[in-house]
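What follows is each chain in one-letter form.
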Amino acid sequence: MRLKAGSGFLFGPFSLCSAGVLSVPLPGAPVTKLIELAPLDWRPLGSGAGAAFERLQRALARHGPQGRTGLGNRTHYMNNRIINWFKFASPQTFYPLAGRMIPWFWALAAAFGLAGLYISFFVAPTDAQQGEGYRIIFIHVPASWMSMFIYLVMAFWAALGLGFNTRLSGMMASALAPTGALMAFLSLWTGALWGKPMWGAWWVWDARLTSELILFFLYLGFIALQSAIDDSRRADKAGAVLALVGVVNIPIIYFSVKWWNTLHQGASVSLTRSPSMAQTMLWGMLLMALAFWMYSIAVSLIRVRAIILERERHAGWVEALPEINGRMDAA
Amino acid sequence: MKPRHKRFALIGGGLAVLALAAALVLNAFQSNLVFFFTPTQVAAGEAPKGKAFRIGGLVRDGSLKRQPDGLTVQFIVTDTEKDIPVAYSGILPDLFREGKGVVAQGKLDENGHFTATEVLAKHDENYMPPEAQHAVDEAHKAARTVQP
């Protein structure tokens, strides 16, 4: 795995997106030209990548002014990164990378989850108003955050897929949808369980709850639309348009409690002011949010691997995989 | 412009148009999207007349009166500007407290009395342990200089 640690940290919220993204700025014309020459579904594993890299180096030595200056090393490093990022846009190279990342994300999810649950149950104090019932926020708030965030990531992949016509982008979008739907459902369900004793109602049609319900339906609609179309490329395109249209709902959910009078309370945690919440409660919630996040990444990677295998099942490299090969021998 | 750039421009343009449309629609429905009216809005005549609607505000301290039947209650909903007296018969939610937020659904009569068919407690965004709440209450008490 050769993703640079620095960029991964910088794009923290998008760490799931970073693998296989083509979003690095392309320095200099020769590089762009080379990229253009490459087929959209780039499969540069093995000799292809090496040859492309050599051509790139030669091109830079010829055209790039930096090639002959002291900046040479730095350009080399930059180009190296571009090659690697492009490399992971191909299902063939992303499949093993995802396989290697999954255990790490499971481990992180377990670590954050254990710490978060411990704080949630044993350290965080009882709330003065709601008693123990408030502890639902340790599930409810992370699930709600993730339901919105996963949708943004899904729409981001959908846009990339529409623009670049990459196969992997569509697969990522469809791999994220079920987890997003699960999070939206959890958010609605735990909210209802809390609402009955605290508010006095399971459900009210206020702006926050309604827009979150619409988000849940958007996820379901996305999944249904994709599975209704047999041709996977067309399914990806249709789903991508739906996902992008639904993106307007996300700011509506987030700001609904500010824009309108709602029964749902305002945000306790926001970027613009200090949280109106006891310190340990906040820690429990943030750790649980991290755990949910890592879980979402791990489970989406597992799902995207399954989708890759299903859609590429006729490709030679899939048949050559030990896990496929072994099974076929056994059968 | 390469086809790829054109596609991205289309996506960006589409999203911008969509955002504008959503903003206009939400703006048009502004009044329908509110979950409740504040007493000030009711006093200004913004609330629907002769129809059921919701009012929201704080339960005024010391205004809660229980009838002997144990179910009928009267209290005053205030937004510190205007007050609305509310009568309700039924079970109050756990978080219903004096000085805390409440949303009541019902009808307003000619005398400005609100008869509620449903009362919901509105929780605020503050989460704190009892000790902190106790400290806050003590501070309030000290301000009123009431000796036990």
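Residues numbered from 1 in each chain as written. Chains lettered and ligands numbered in written order. Predicted model: local features only at pLDDT ≥ 70, side-chain atom pairs only at ≥ 80, totals over all residues. Heavy atoms only, no water.

(A) Layout of the overall build of chain A. When helices and strands are tallied, chain A shows 14 helices and 0 strands. Listed by position from the N terminus, the elements making up chain A come as α-α-α-α-α-α-α-α-α-α-α-α-α-α. Looking at the 331 residues of chain A, the share that counts as buried comes to 52%. Taking contacts inside chain A between residues at least 6 apart in sequence as the whole, the part at least 24 apart equals 75%. Within the structure as shown, chain A displays about 15500 Å² of accessible surface, and the carbon and sulfur contribution to it stands at 68%. (Helix = DSSP H or I, 4+ residues; strand = E, 2+ residues; numbered from the N terminus. Buried < 20%, exposed > 50% of the residue type's maximum accessible area, 1.4 Å probe, protein only. Contact = heavy atoms within 4.5 Å. Areas by Shrake-Rupley, 256 points an atom, 1.4 Å probe, with all protein chains shown as cover.)

(B) Structural detail: a nonpolar patch on the surface. Together, Leu 117, Tyr 118, Phe 121, Phe 122 and Val 123 of chain A give the surface a local cluster of nonpolar side chains, amounting to about 560 Å² of exposed area. By the element assignment, Tyr 118 of chain A lies in helix H6 (residues 91-123). (Patch = residues over 30% accessible without salt bridge, like charges linked within 9 Å, V, L, I, M, F, W, Y side chains within 5 Å. Salt bridge = Lys/Arg side-chain N within 4 Å of Asp/Glu carboxyl O.)

(C) Layout of the pairing of strand E4 (residues 83-89) of chain B. All names here are of chain B. The alternating pattern of E4 places Ile 84, Val 86 and Tyr 88 on a buried face, while none of Asp 83, Pro 85, Ala 87 and Ser 89, on the opposite face, is buried. When strand E3 (residues 72-78) meets E4, the two strands line up antiparallel, connected through 7 bridges. For Ile 76, the partnering residue across the bridge sits in E4 and is Pro 85. What sits between E3 and E4 in their antiparallel hairpin is a turn of 4 residues, with Thr 80 showing a positive phi close to 75°. The pairing of E4 with strand E6 (residues 114-122) spans 3 bridges and is parallel. (Pairing = 2+ DSSP bridges.)

(D) Molecular detail of the interface of chain A and chain B. Counting from both sides, the interface comprises 44 residues of chain A and, opposite them, 37 residues of chain B. Both faces combined, the contact of chain A with chain B buries some 3500 Å², and carbon together with sulfur accounts for 62% of it. Area buried by chain A at its contact with chain B is led by Gln 129, Trp 260 and Asn 261 of chain A, which between them contribute 21% of it. Across the contact surface, chain A and chain B share 0 salt bridges. For the pair chain A and chain B, the interface holds 7 residue pairs in polar contact (both at pLDDT 80 or more). (Buried area = accessible area lost by both parts, 1.4 Å probe. Polar contact = N/O pair within 3.5 Å; in protein donor to acceptor, adjacent residues only side chain to side chain.)

(E) Molecular detail of the layout of surface pockets. Residues and elements named next belong to chain A. The space that makes up the largest pocket amounts to roughly 1300 Å³. If you trace the largest pocket, you find 40 residues lining it, with Val 141, Ser 144, Trp 145, Met 148 and Tyr 254 closest to the centre. Of all the secondary structure elements, the ones that give two or more residues to the lining of the largest pocket are helix H7 (137-164), helix H8 (167-198), helix H9 (207-228), helix H11 (249-259) and helix H12 (279-311). The biggest single contributor to the lining of the largest pocket is H7, with 9 residues. (1 Å grid on protein atoms, 1.4 Å probe; cavity = no way out; pocket = protein on both sides within 12 Å on 5 of 7 lines; lining within 4 Å. Points joined across faces, edges and corners; volume = space filled by probe spheres on them.)

(F) Seen up close, the side chain of His 123 of chain B. On the secondary structure map, His 123 of chain B appears in the loop between E6 and helix H3 (130-144). Note on His 123 of chain B: relative accessible area 5%, which makes it buried. Within polar-contact distance, the side chain of His 123 of chain B engages the side chain of Gln 130 of chain A at 2.6 Å. Those residues within four positions of His 123 of chain B in sequence are excluded, and the remaining contacts are Gln 129, Gln 130, Trp 194, Trp 199 and Gln 265 of chain A together with Leu 95 of chain B.

(G) Geometry of unusual backbone geometry. All names here are of chain A. The phi dihedral of Asn 165 falls on the positive side, at around 65°, and the residue is not glycine. Relative to the assigned elements, Asn 165 resides in the loop between H7 and H8. A relative accessible area of 25% places Asn 165 in the partly exposed class.

(H) Region of interest: the pairing of strand E5 (residues 101-108) of chain B. All names here are of chain B. For strand E1 (residues 53-59) and E5, the ladder comprises 6 bridges, and the chain directions are antiparallel. Looking at E5, one finds that Arg 54 is bridged to Gln 105. Relative to E6, E5 is paired through 8 bridges, and the arrangement is antiparallel. Looking at the pairing, Ala 104 lines up with Val 119 of E6. From the end of E5 to the start of E6, which pair antiparallel, there are 5 residues, and Gly 112 there has a positive phi angle of about 85°.

(I) Just the nonpolar core, in detail. Residue and element names in this part refer to chain A. Counting residues in hydrophobic clusters, the biggest one holds 73 residues, and the most contacted among them are Phe 94, Ile 137, Tyr 151, Met 154, Tyr 219 and Leu 301. For this core, the secondary structure elements donating two or more residues are H6, H7, H8, H9, helix H10 (232-246), H11, H12 and helix H13 (316-320). By residue number, the principal contributor to this core is H7, which donates 18 residues. Filtering out sequence-adjacent residues up to four positions away, Tyr 219 remains in contact with Ser 147, Ile 150, Tyr 151, Met 154, Ala 177, Gly 180, Ala 181 and Ala 184. (Core = buried A, V, L, I, M, F, W, Y, C linked by side-chain atoms within 4.5 Å.)

(J) H11 of chain A, seen in detail. Within H11 of chain A, burial applies to Asn 249, Ile 250, Ile 252, Ile 253, Ser 256 and Val 257 of chain A. Turning to H11 of chain A, the residues buried within the fold contact H7, H9 and H10 of chain A together with helix H1 (3-28) of chain B.

(K) Expanded view of the environment of Ala 155 of chain A. All names here are of chain A. With respect to the element layout, Ala 155 can be found in helix H7. Taking the relative accessible area as the measure of exposure, Ala 155 reaches 4% and is therefore buried. Apart from the residues within four sequence positions on either side, Ala 155 is in contact with Ala 243, Leu 244 and Val 247.

(L) Quick look at the domain arrangement of chain B. Here chain B is described as being made up of domain 1 (1-32) and domain 2 (36-146). Distance from the C-alpha centre of domain 1 of chain B to the C-alpha centre of domain 2 of chain B: 41 Å. (Domains from an automatic or database assignment.)

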